[in-house]
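# Overview (structure and organization)
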Amino acid sequence: MVILIKKEMNMNNNTTTMYTPNMDNLDKVPSCDIFGFLMASAGVTNNTSEEDVVEKLYELKRMSTTYASYISTILSNIIGYGDIDDYMEHLTNTPNEFITSDGELVPVADLSWI
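Notes on the structure in this doc start here. The structure displayed is predicted, hence computed values, not measured ones.

What counts and what doesn't
- Residue numbers restart at each chain and count upward from 1, following the sequence in its written direction.
- In view of the model being predicted, local features appear only for residues whose pLDDT reaches at least 70, and side-chain atom pairs are presented and counted only at 80 or more, with totals across whole chains, interfaces and linings using the full set of residues.
- By convention in this description, side-chain values take in all heavy atoms of the structure and omit both hydrogens and water.
- By definition, any uninterrupted DSSP run of H or I lasting at least four residues is a helix, any uninterrupted run of E lasting at least two residues is a strand, and each is numbered from the N terminus.
- One fewer than the residue count of a helix, multiplied by 1.5 Å, yields its expected span.
- Burial here depends on accessible area, computed with a 1.4 Å probe over protein chains only, as a share of the maximum for the residue type. Under 20% is buried, over 50% is exposed, and the range in between is partly exposed.
- Arc definition: directions from the helix axis to the C-beta atoms.
- In what follows, a contact means two residues having at least one pair of non-hydrogen atoms within 4.5 Å.
- Residues forming no salt bridge and having over 30% relative accessible area are the ones grouped into patches, like charges within 9 Å of each other and nonpolar side chains (Val, Leu, Ile, Met, Phe, Trp, Tyr) within 5 Å.
- The Shrake-Rupley method, run with a 1.4 Å probe, gives the accessible areas here. Residue values count only the displayed protein chains as cover.
- The term salt bridge refers to a pairing of a side-chain nitrogen on Lys or Arg with a carboxyl oxygen on Asp or Glu at a separation within 4 Å.
- Only four residue types enter the tally: Lys and Arg on the positive side, Asp and Glu on the negative side, with His and both chain ends excluded.
- Every charge is mapped to an atom, namely NZ of Lys, CZ of Arg, CG of Asp or CD of Glu.
- Grouping buried Ala, Val, Leu, Ile, Met, Phe, Trp, Tyr and Cys residues that are joined through side-chain atoms within 4.5 Å yields what is termed a nonpolar core.

Next up on the list: helix 2 (residues 50-63). Here helix 2 contains 14 residues, and its C-alpha end-to-end distance of 20 Å stays within 8% of the 20 Å for a straight helix at 1.5 Å per residue. Within helix 2 the residues assigned to the buried category are V53, V54, K56, L57 and L60. All buried residues of helix 2 fall inside an arc of 160° around its axis, so they share one side. The exposed set on the far side of helix 2, more than 90 degrees from its buried face, consists of E51, E55 and R62. In this structure, the buried side of helix 2 is in contact with helix 1 (31-41), helix 3 (68-81) and helix 4 (84-88).

Given 3.6 residues per helical turn, the α-helix brings residues three or four places apart onto the same face. Burial of helix 1 is extensive: 10 of the 11 residues sit out of reach of the surface. C32, D33, I34, F35, G36, F37, L38, M39, A40 and S41 are the residues of helix 1 that are buried. In the segment just after helix 1, G43 is the residue with positive phi, at about 85°.

On the surface, E50, E51, D52, E55, D85, D86 and E89 cluster together into a patch of negative charge. Of all the secondary-structure elements, those providing two or more residues to the negative patch are helix 2 and helix 4. When residues of the negative patch are assigned to their parent elements, the largest contribution, 4 residues, is made by helix 2. Tracing the chain through its elements places D86 in helix 4.

Across soluble globular proteins, nonpolar side chains have a tendency to be buried as a group. Counting 29 residues, the largest nonpolar core has I34, F35, L38, M39, L57 and F98 as the members making the most contacts within it. When residues of this core are assigned to their parent elements, the largest contribution, 7 residues, is made by helix 1. Not counting residues up to four positions away in its chain, the partners in contact with L38 are L60, Y67 and I71.

In structure tokens form, the structure reads like this:
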């Protein structure tokens with residue numbers, strides 16, 4: 001299940017729908033959507049090196065109690081099974097957007113300052 005939130009854009013009063021995972025039911029959110037959300041909101045794109053992606057996952061895992069167990073699963077899939085391409089295909093060339101498991105291109109809030 002996906003929850004989309006609306007965020008008001010400052011300059012022209014347009015609204016855009018920003019993706020965020022369903023925090024009430026994270027166990028039902030595909031791990032690729034959690035990966036895409038976390039990486040895209042950190043400004044990571046599909047041009048980021050695999051090493052930098054893994055480093056960012058470890059950094060986010062240390063910072064988050066909410067996502068730590070999900071990041072551990074993602075890291076296990078990447079390191080233990082070599083599944084990084086399965087995750088990276090959800091990122092785009094543009095920071096702050098990713099492709100969901102349903103194939104939808106979605107924007108995310110820029111949290112790279114955290």
